[in-house]
Amino acid sequence: MRIGLLTEGGYPYVTGEARLWCDRLVRGLDRHEFDIFALSRSAHQEEQGWIQLPPQVHRVRTAPLWTAEDDGVVYGRRARRRFATHWGELAAAVCAEGETAADRFANALYGLADLEREEGGLAAALRSEAAVDALEKACRAPGAPRAARQARVADLLTVTGLIERTLRPLSLDWYEEVEGGLGAVDLCHAASGGAAALPGLLAKHFYGVPLLVTEYGVQLRAHYLGAAGALSAPARALLAGFHGRLATEVYRQAALITPGNTHARRWQERCGADKAKLRTVYPGMEVSRFAEVGESADLADPDTLVWVGRIEPSKDLIALLHAFAEVRKEEPKVRLRIIGAPADGPEAATYLAHCTTLAAQLFPDEAEGVHAVGDNPVSFEEIGGPEVPELADAYAAGSVVVLSSVVEGFPISLVEAMFCGRATVSTDVGAVVEVIGGTGLVVPPRNPRALADACLALLRDPERRDRLGAAARARALELFTVDQNIAAFRSIYLEIVARHPVRREGLDESGEPQPFANPAEVFLPGRWGPSGRSGLEESGASGPSWAADGAAAEASQPAEASTDGVSDGDEPVGVGAAGEGER
Amino acid sequence: MSDSRMTSDAPAEDVVDTPTTPASPGSWDTRSEEVLASSALTASSRTGDVPAVKGKARRPGGRRGAVDPVKALMHRHRELCEQAVDPLEIAAGLEAHGVTDRTAARFRHRDVFSLAEEMYARAERDEESAPASSEPAGSVAGPQVPVGWAAFAMLPGAVCAMAVAALDFTSGSAKLFAGLLGAIAVGIALRVALRQGPLRVRGRQVPATRAWTGFLLAYALVGEGLLDGILAGGPDGPWPLHTAPLLGLALAVAPAAVCARLFAVQSARTLALSRGLDDFASAVRPLLCGVFAVFLAVATGLLLASGAVLGEGARGVGPAVALGALLLLARLLEVHGFPDAGALMLGAACAAEALALATALGGRLPGFGFLSAPVESVASAWGPGAVPVLICGGAAAVLLAHAMRRLTRASAHAEAVR
């Protein structure tokens, strides 16, 4: 079938977000056709060019989100009145509270889309005085949020400008039923919420194309944390209203929503997403480079703790050093290797310097005897150095991997440690508990004493370490591989197309409806025709690539179990999602 | 981050974090300890207005001190709570600081969202009791302009002065050459001055504007002498050029740029301060009038001075002031996104001036004497300079009325805030 992949500021451009998983998705689902509809974020991004695209990508259409072309259309009286009605309604819905606001917002949004499709000139209209005037009226109306009531003229201008920017996808020429338009695809897959999902909303509105929304980070939350920082309170209130309503409408119209973790899922539920539509699909990570370490039987240095990551204040290395001091009191032989480069910015560099000083103060250099040259039990190393040439070697360096962050999103280094079959001690932040799921020790953040006790427990018990490491690797192989990610999306695509097929009425040359224009085969999932493959065969035939790998067959017992779990169950994630749904 | 340490008093052996009620909010610096101490003193009198935490009775003696933990959390994130516009913003901020649902459970909340809701509700109540100072910062810079724009704005005047001096010192074909070179140099200087500064047009432009401006400036140079010659039955041979108005107008580019900058900065400031669109319009209208009047006064002075220096007296001042006003208004409208009206009025002025010349010539045809009657009557009453004064002045008046409506709208100044 034909998938319209909607992206914003990432794939297929070389720079930007989400390009890795989109690329893996498109390459993994090579029996579908992909049309990519990409919104770019800056001129710089456009200049950088695209990544290499596989042959299943039939067409790429791009549009800039950072600049608006004035199409020179000046509204007549009727169009002006229509604009005033819809925009006024939209502004009122942004300022209003309650259930009806979502419906009003949706109607106004589609009203503006219809107007733009018939007349054009929306960008100029949104920058006109009438738009600012309508927004002012909405802010002064009874029932508007208190912050919005204090809006000044500058805030109104800022807000209309930013809303105009977000609504730019309304003005695109993608909404046509001919080959290459959004009307001709069987399924729209938005790689993020917000502006990227807007073309999908309109495709659903105009042609009934089902929409799938994948969010690894919730756009609304990103809006709160990022863009809104520099704005005044009234502008933030209005924009929060707008983005909140937009998110609600996207979640309402989506056939299915796939959050990347439970955290995103909670936000989506909070914004009005129906629980029945949510399917958590964990991000997939490349497992092959950790295979050697994960499967090797020789034991790691039993007296070494490893920390891997980008060094920045939120990782709380200070607590780690204090915890290590406690560990050293009990087990003087233990060493700590901190492997990673400082994050960008002067703050991280200062933090690293601070940590090295603290380490030098807490732990004096030690030597084996009177005649040997000593060194510090805590070492700071970077990947690519002589000791740790590869990322996998970093995890291989120790028997226990420690994560001491106070703030964490999706803990990638923890997943990598799990792939390497290492026992882990981590702090209870972000998605750590969800990721580790009982295959490692979890302690409260900012509690060096607890961290030290957990480390000691693992250092003293090699069997428990091995057990936890094997279980962690099995869990990671089941949940966080690229193959599970692709398999999950394959079955989700089939589910959506089966449940929400696009009914296209065949038209003959004169524009009259043509009965029996679409034979029954059109509604079969997958490609039909000379190759004779059906979509059902397709999903059964493809196993994870590493399952066929000779090396993988010799994996440890739990890993094999998980291999089976992925290859014969088409929906490993669906099971997990159902479990979470009941919670 | 490092100053907001949150210590859990959970037993240290308890490795896996079990949700417990914190025994204390923890102390993170001396100042906040003082705050906690003082609120502990007053807590007994304030228990009435602290809302009961989600459906559970408080456990007496369960925590050290009498401070409720949410209040301490709010104190730690007080900036976030004060600035938040809805509970979700607090939730996002809390999560960015490492608060998870497990942490929220210690505050006896189901998740971060409900904790954020309580914090939002309480912060809002605090805010209502204490009127917030919502006056924005007074430093509004206005739109960005390149460094040294004032120097660029003086460039046309300087180049034009040099060209005029070169014309004075040369004769014959060298004079023609100097004149051509001077015209090109002034054109380039004008382009640079308009591109680099407050008179720069960022939006749409109407290409015809440039041609109309060129024609009007050419008329200021040659038109008056030509009309004079035509009405006197000539022209017989080369008629006198008036370089003083052009020099004065070139010098007036600098005050025009200053006026445009003044208008932009002051209107941006008004934008930040005014509460409604009507307030803004009524505040900007006198500003526009004032800026325009200042420009007229300065331009008149410069034209008088250049006339005196070049020995042409005050006769070309009237038409040049009218032309300067017309050009400034057209450019201001263009800068703020309304290029059409300016182009239209400049075109109309050009057409009227060309028509004046043509009718003056056409009146010589037998039987068509009535054609030249209006121009002749104007010229005989107030001199040939009155024709461009009337034309450019009329066009400028129309543009001023238009600018009063368009430039007092907030949407015309959107560039300042974006």
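Every value quoted in this text rests on a predicted model; they were computed, and no experiment measured them.

How each quantity is defined
- Residues numbered from 1 in each chain as written.
- Chains lettered and ligands numbered in written order.
- Predicted model: local features only at pLDDT ≥ 70, side-chain atom pairs only at ≥ 80, totals over all residues.
- Buried ≥ 20, exposed ≤ 12 C-beta atoms within 10 Å, placed from the backbone.
- Helix = DSSP H or I, 4+ residues; strand = E, 2+ residues; numbered from the N terminus.
- Pairing = 2+ DSSP bridges.
- pLDDT = per-residue confidence, 0-100.
- Contact = placed C-beta atoms within 7 Å.
- Axes fitted to C-alpha atoms, helices over the stretch in contact; angles between N-to-C directions.
- Nonpolar A, V, L, I, M, F, W, Y, C, P; charged D, E, K, R; others polar.
- Core = buried A, V, L, I, M, F, W, Y, C linked by C-beta atoms within 7 Å.
- Expected span 1.5 Å × (residues − 1).
- Bend = angle between axes of the 7 residues up to and from the residue.

Trainee: Any chance you could explain the pairing of strand S11 (residues 423-427) of chain A here in plain terms?
Mentor: Within a regular beta strand, the side chains point alternately toward one face of the sheet and then the other, so they alternate between its two faces. All names here are of chain A. Within S11, five of the five residues are buried, which leaves it mostly tucked inside the rest of the structure. A two-sided burial pattern is seen for S11, the buried positions comprising Ala423, Val425 and Thr427 on one face and Thr424 and Ser426 on the other. Across four bridges, the pairing between strand S10 (residues 400-403) and S11 is parallel. From the neighbouring strand, Val401 faces S11, where its bridge partner is Thr424.

Trainee: Explain the confidence of the model for chain A to me, please; I cannot follow it from the model alone.
Mentor: A low pLDDT score tells you not to read the predicted coordinates there in detail. Confidence along chain A averages 82 in pLDDT terms, with 86% of residues attaining 70 or more. Predicted confidence for residues 530-583 of chain A stays below pLDDT 50, and this span has 74 contacts to residues more than four positions away or in other chains.

Trainee: Before we go on, may I ask you to explain the sheet that holds S10 of chain A in this structure?
Mentor: All names here are of chain A. If you trace the six strands from one edge of the open sheet to the other, you get S9-S8-S7-S10-S11-S12, paired in parallel fashion. Unpaired on one side and paired on the other, strand S9 (378-381) and strand S12 (441-443) mark the two borders of the sheet. Within this sheet the neighbouring strands show an average axis-to-axis angle of 20°, counted without direction. Pairing of strand S7 (residues 304-308) with strand S8 (residues 335-339), which is carried by five bridges, proceeds in the parallel orientation. Directly across from Thr304, in S8, lies its bridge partner Arg335.

Trainee: Explanation requested: the pairing of strand S6 (residues 256-259) of chain A in the structure shown.
Mentor: All names here are of chain A. Both faces of S6 are covered, namely the face carrying Leu256 and Thr258 and the face carrying Ile257 and Pro259. Here four bridges tie strand S5 (residues 211-215) to S6, and the two strands are oriented parallel to one another. Counted as the bridge partner of Glu215 is Pro259 from S6.

Trainee: Honestly, the interface of chain A and chain B in this entry has me stumped. Any pointers?
Mentor: Many descriptions give the size of an interface as the accessible area lost when the pieces come together. Every contact between the two is made by 43 residues of chain A and, on the other side, 41 residues of chain B. Here the residues of the side of chain A that touches chain B are counted per class, giving 22 nonpolar, seven polar and 14 charged.

Trainee: Where do I start with the confidence of the model for chain B in this structure?
Mentor: Residues and elements named next belong to chain B. Confidence in the prediction for chain B averages 78 pLDDT; 79% of positions are at 70 or higher. In this model residues 1-65 is a low-confidence stretch, pLDDT under 50, and it forms 81 contacts with partners more than four residues away in sequence or in other chains. Confidence drops under pLDDT 50 across residues 130-138; counting only partners more than four residues distant or on other chains, this segment forms four contacts. Reported confidence for the predicted complex is 0.79 by ipTM and 0.77 by pTM.

Trainee: Explanation requested: the nonpolar core in the structure shown.
Mentor: The nonpolar side chains of a soluble globular protein tend to be buried, and buried together. Core analysis: the biggest nonpolar cluster contains 282 residues, and Cys455 of chain A together with Leu326 of chain B have the highest contact counts within it. Of all the elements, helix H13 (residues 317-335) of chain B adds the most residues to this core, at 14 residues. With near-sequence residues (within four places) excluded, Cys455 of chain A lies in contact with Leu305, Ala323, Val327, Val400, Val402 and Val425 of chain A.

Trainee: I keep staring at the sheet that holds strand S1 (residues 2-8) of chain A and nothing clicks. Help me out?
Mentor: Two strands in a sheet stick together by hydrogen bonds in their backbones, pointing the same way (parallel) or opposite ways (antiparallel). Residue and element names in this part refer to chain A. Strand order in the open sheet formed by six strands is S3-S2-S1-S4-S5-S6, and the pairing between neighbours is parallel. Lying at the two open borders of the sheet, with one neighbouring strand each, are strand S3 (57-64) and S6. Taking each pair of neighbouring strands and ignoring which way they run, the sheet shows an average axis angle of 15°. Here S1 pairs with strand S4 (residues 187-190) via four bridges, running parallel. When the sheet's bridge partners are listed, Leu6 is paired in S4 with Ala190. Of the strands in this sheet, S5 and S6 touch helix H12 (residues 262-270), which is tilted by about 140° from S6.

Trainee: How should helix H9 (residues 208-231) of chain B be read in this particular structure?
Mentor: Helical periodicity: at 3.6 residues per turn, an α-helix aligns residues three or four positions apart in one direction. Residue and element names in this part refer to chain B. Over its 24 residues, H9 extends only 30 Å from the first C-alpha to the last, a length that falls short of the 34 Å expected when each residue adds 1.5 Å. Along H9, the sharpest kink reaches roughly 55°, centred on Val222. Those residues of H9 lying buried are Thr209, Trp212, Thr213, Leu216, Leu217, Tyr219, Ala220, Gly223, Glu224, Leu226, Leu227 and Ile230. Those residues of H9 that are buried lie in contact with helix H10 (243-251), H13, helix H14 (339-362), helix H15 (373-382) and helix H16 (386-406). Gly233, located one to two residues past H9, shows a positive phi value of around 100°.

Trainee: I'm lost on the environment of Gly384 of chain A in this one. Help?
Mentor: Within the element layout of this structure, Gly384 of chain A appears in the loop between S9 and helix H16 (391-396). We classify Gly384 of chain A as exposed; it has 11 C-beta atoms within 10 Å.

Trainee: Looking at this structure, how should I read helix H4 (residues 87-96) of chain B?
Mentor: Across the ten residues of H4 of chain B, nine count as buried, placing the element largely inside the fold. Restricting attention to buried positions, one finds in H4 of chain B the residues Pro87, Leu88, Glu89, Ile90, Ala91, Ala92, Gly93, Leu94 and Glu95 of chain B.

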